[in-house]
Amino acid sequence: MRDYGDDVLSGDWRAVGRRVVAEVPAEPGLVVELPAGSDESDGGPSAGWVGAVVHVDAGNVHLENRHGRVRAFPLGPGFLVDGEPVRLIAPRISAAPAARARTASGSFAVADAPARVARASRIWVEGRHDAELVEQVWGDDLRVEGVVVEQLDGADHLAELLVDFAPGEGRRVGVLLDHWVPGSKESRLAEQALARVDARHVLVIGHPFIDIWQAVRPEAVGIAAWPDVPRGIDWKTGTCRALGWPHATPADLAAAWRRVRGAVRGYADLDPALLGRVEELIDFVTGE
């Protein structure tokens, strides 16, 4: 018995002998031909035309001929490219250019910036936590500008340090102090220190917080608010106690600071009262 094979009606019998037509994106500048006498019955354009793609919109391709005339035709089959039949489709949308990178402070990042020799000018902050937070958020900017941040270990010796530093032309000092409010110990120490040097080359400002921890927005840390700590109680210890964090040892307080600092991803996690002061200091020491 003769083997006739599979059912001749199975599969797509209509595709037998049909030529596969390539799909070509209608990119600007592509030269396209419409054969003369094209028939709308095949789903293609109905008139002969040769032109370069100008643009595509609303399902149409706009072709400009050698005389500068532009006509619109529906995308689809019926076109020739280099003599070969094609089906024109809309060009793929290019991915949007990558946004310019920003630093943690919100400034535009400077890629591959050469190392800069440190300026003679300095920014001084009260303690290690202050220095670490400033470095975390503004470190990239400070390295580009060649600005070094140093810690004072408290404001009590500010006057002596300023005298030793001898600020002058090209040798400025910007000082960031805690608890910068009228009548505070810090404001009195700053006034006394400025009286002993050329104050034109020194800028002493501060933030209103008792401790730099409070400059981190509470919601970033996952708390409703920073607690009020009664006078006479170490602020960090009292804060950790009120929040239910371990606080009995220096290691506990160090772990709490890592928790606070780890919540800071960038400038948006800091209070504006700190942001503005640090930016002001950077402008001062780099504006020589």
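Before reading on, note that the structure itself is shown above.
Throughout what follows, the structure given in this document is the object of discussion. (Residues numbered from 1 in each chain as written. Predicted model: local features only at pLDDT ≥ 70, side-chain atom pairs only at ≥ 80, totals over all residues. Heavy atoms only, no water.)

Considerations on the packing of aromatic side chains
What characterises a pair of aromatic rings is the spacing of the ring centres plus the angle enclosed by the ring planes. Formally: Side-chain rings of Phe, Tyr and Trp, where Trp is taken by its six-membered ring, are said to pair if the distance between their centres is within 6.5 Å; with planes under 30 degrees apart they count as stacked, over 60 as edge-to-face, and otherwise as tilted. Helix numbering and strand numbering both begin at the N terminus, where a helix is a DSSP run of H or I of at least 4 residues and a strand a DSSP run of E of at least 2. The cut-offs for exposure are 20% and 50% of the maximum accessible area for each residue type, with area from a 1.4 Å probe on protein chains only; residues under the lower value are buried, those over the upper are exposed, and the others partly exposed.
For the structure shown, the criterion picks out 5 aromatic pairs. Between W213 and W235, the ring centres sit 6.0 Å apart and the planes meet at 85 degrees, which makes this aromatic pair edge-to-face. You can see W213 sitting in the loop between strand 11 (202–206) and helix 4 (218–221) and its partner W235 sitting in helix 5 (residues 235–243), a full 22 residues away along the chain. Overall, W213 belongs to the buried group, its relative accessible area being 0%. What makes W235 buried here is its relative accessible area of 8%.

Let's talk about the sheet that holds strand 11
To keep things clear, this is the line we draw: Each pair of strands is called paired provided DSSP finds at least two bridges between the two strands. To get an axis, a line is fitted to the C-alpha atoms, and for a helix only the part in contact is used. The angle between two axes follows their N-to-C directions and goes from 0 to 180 degrees.
Taken together, 4 strands build an open sheet; the order of strands is 9-8-10-11 and the sheet is parallel. Both outer strands of the open sheet, strand 9 (148–151) and strand 11, are each paired with one neighbouring strand and no more. Along the sheet, successive strands turn relative to each other by an average axial angle of 20 degrees, direction set aside. Here strand 8 (residues 122–125) pairs with strand 10 (residues 173–177) via 4 bridges, running parallel. Bridge pairing in strand 10 links R122 to V173.

Geometry only, nothing functional implied.
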